[in-house]
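Here is what each chain is made of, one letter per residue.
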Amino acid sequence: MLRDIIYLFYPKYCAACDTPIYKNERVICTTCRHVLPLGNFHNVNAKKIEKVFYGCAKIENATSLLVFQKDNLVQKLIHNLKYRGREEIGEELGKWLGQELSQINEYKVIDIVVPVPLHKKRLRERGYNQVETFGIEIAKKLEAVYIDSVLKKKSYNKKQSKRDRSNRWINTVETFEVQNESLLCNKHILLVDDIVTTGATIESCADVLKSIPGIKISVATMALTE
């Protein structure tokens, strides 16, 4: 009864369409869940995302939960996550993708989930890393360890969204460094991020990780730009 009263006066809203959600719904309403463009890259569309990372440091497996297009519901979700403090979106997407990956043999062998880090200045500005809750929930589903202390971003760069592939690469290369390297030796890690556009950020992270003895690298993101 108390929950009903609280919900009546303080309703929750869908993170994608801003309509009130029912008590049995979480973060994203049922209607939006059915119309969100799913990537399904870990099942039938693997080659599409593999092309993004072709020629970079070896990636074992790669997937994205959603397809990002300008002005679609995915853009709204990511915007609310990154700029409106709705960290529960990352948590929900992590549970969603993590559950799917936990059924796939290639991802059952993941040892460690590692988030792409923010520079400390960006972290202060935003107050949180938008992929933290996403990575934590995936790690839980895969029974892996979540570690956010092994990658560090060394330089503060301007936003990447409007740069072409070559300029984005120039702007990210050699801006990451590895810490606590021994934690990753002979481990299969899953790098997690929010959106893959050109793959430059993931490439840069993978490039500094590849020298660690015995490491294997897979990738999972919230969305892939089409």
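This text goes with the structure placed above it.
Think of each chain on its own: its residues are numbered from 1, step by step along the sequence as written. With the structure being a predicted model, the display of local features is reserved for residues of pLDDT at least 70 and the display and counting of side-chain atom pairs for 80 or more, all residues being used for whole-chain, interface and lining totals. The side-chain figures draw on all heavy atoms in the structure; neither hydrogens nor water molecules are used.

### Details of unusual backbone geometry
- Located in the positive-phi region is Asp 71, a residue other than glycine, with phi close to 70°.
- With respect to the helices, strands and loops of the structure, Asp 71 is situated in the loop between β1 (62-68) and α4 (73-83).
- In this structure, Asn 180 is a non-glycine residue whose phi angle is positive, near 50°.
- If you trace the backbone, Asn 180 turns up in the loop between β5 (176-178) and β6 (188-196). Strands here mean DSSP runs of E at least two residues long; helices mean DSSP runs of H or I at least four residues long; both are numbered from the N terminus.

### Some thoughts on the pairing of strand β2 (residues 112-115)
- Burial classes follow relative accessibility: with a 1.4 Å probe on protein chains only, a residue under 20% of its type's maximum area counts as buried, one over 50% as exposed, and anything between as partly exposed. Burial along β2 is two-sided: Ile 112 and Val 114 and Val 113 and Pro 115, pointing in opposite directions, are all buried.
- Only strands that DSSP links by at least two bridges are regarded as paired with each other. Bridge analysis of β2 against strand β3 (residues 145-146) gives two bridges, and the strand direction is parallel. Among the inter-strand pairings, Val 113 is bridged to a residue of β3, identified as Tyr 146.
- Looking at chain direction, β2 and β6 are connected through four bridges and run parallel. When the sheet's bridge partners are listed, Val 114 is paired in β6 with Leu 191.

### A word on the sheet that holds β6
- Taken in spatial order, the five strands make up an open sheet running β1-β7-β6-β2-β3, and their pairing is parallel. Whereas interior strands pair on both sides, the edge strands pair on one side only; in this sheet they are β1 and β3.
- By definition, residues are in contact when any of their heavy atoms lie within 4.5 Å. In this analysis an axis means a line fitted to C-alpha atoms, helices contributing only their contacting stretch, and an angle means the value between N-to-C directions, from 0 to 180 degrees. Its contacts with the sheet place helix α8 (residues 132-142) against β2, β3, β6 and β7 (216-225), and it is angled at close to 140° to β6.
- This element, helix α10 (residues 200-209), spans β6 and β7 of the sheet and lies at about 160° to β6.

### Comments concerning the nonpolar core
- Nonpolar core, defined: a set of buried Ala, Val, Leu, Ile, Met, Phe, Trp, Tyr and Cys residues in which side-chain atoms within 4.5 Å join the residues together. In this structure, Leu 93 and Leu 190 are the most contacted members of the largest nonpolar core, which totals 37 residues.
- Of all the secondary structure elements, the ones that give two or more residues to this core are β1, α4, α5 (88-101), α8, β6 and β7.
- When sequence neighbours within four positions are dropped, the list of residues in contact with Leu 190 reads Tyr 107, Ile 110, Ile 112, Val 113, Val 114, Ile 138, Leu 142, Ser 218, Val 219 and Ala 220.
- The next biggest cluster of nonpolar side chains, apart from the first, holds 29 residues, and it includes Val 114, Ile 215, Ile 217 and Val 219.

### Notes on the pairing of β6
- Of all nine residues making up β6, nine are buried, and the element is well covered by its neighbours.
- Pairing of β6 with β7, which is carried by eight bridges, proceeds in the parallel orientation. Counterpart to His 188 in the pairing with β7 is Lys 216.
- Here is how to tell: hold the view so the strands point away, follow the path from the first strand over the helix to the second, and if it runs clockwise the crossover is right-handed. Handedness of the crossover joining β6 and β7 through α10: right-handed.

### Describing the side chain of Asp 193
- Topologically, Asp 193 is positioned in strand β6.
- Residues scored as positive are Lys and Arg, those scored as negative are Asp and Glu, and His as well as the terminal groups of each chain are ignored. A pair is scored as a salt bridge if a Lys or Arg side-chain nitrogen falls within 4 Å of a carboxyl oxygen belonging to Asp or Glu. For Asp 193, which is buried and forms no salt bridge, the nearest opposite charge comes from Lys 82, at a distance of 7.4 Å.
- Asp 193 has contacts with Val 116, Val 131, Phe 134, Thr 201, Ile 202, Ala 220, Thr 221 and Met 222, leaving out every residue within four places of it along the chain.

### Digging into the state of the cysteines
- A pair of cysteine sulfur atoms is labelled a disulfide when the two atoms are within 2.5 Å. Taken as a whole, this structure holds zero disulfides when the rule is applied.
- Here Cys 14 stays unpaired: no disulfide links it, and the sulfur of Cys 17, its closest cysteine neighbor, is 3.6 Å away.
- Cys 14 gets classed as buried once you look at its relative accessible area, which sits at 0%.

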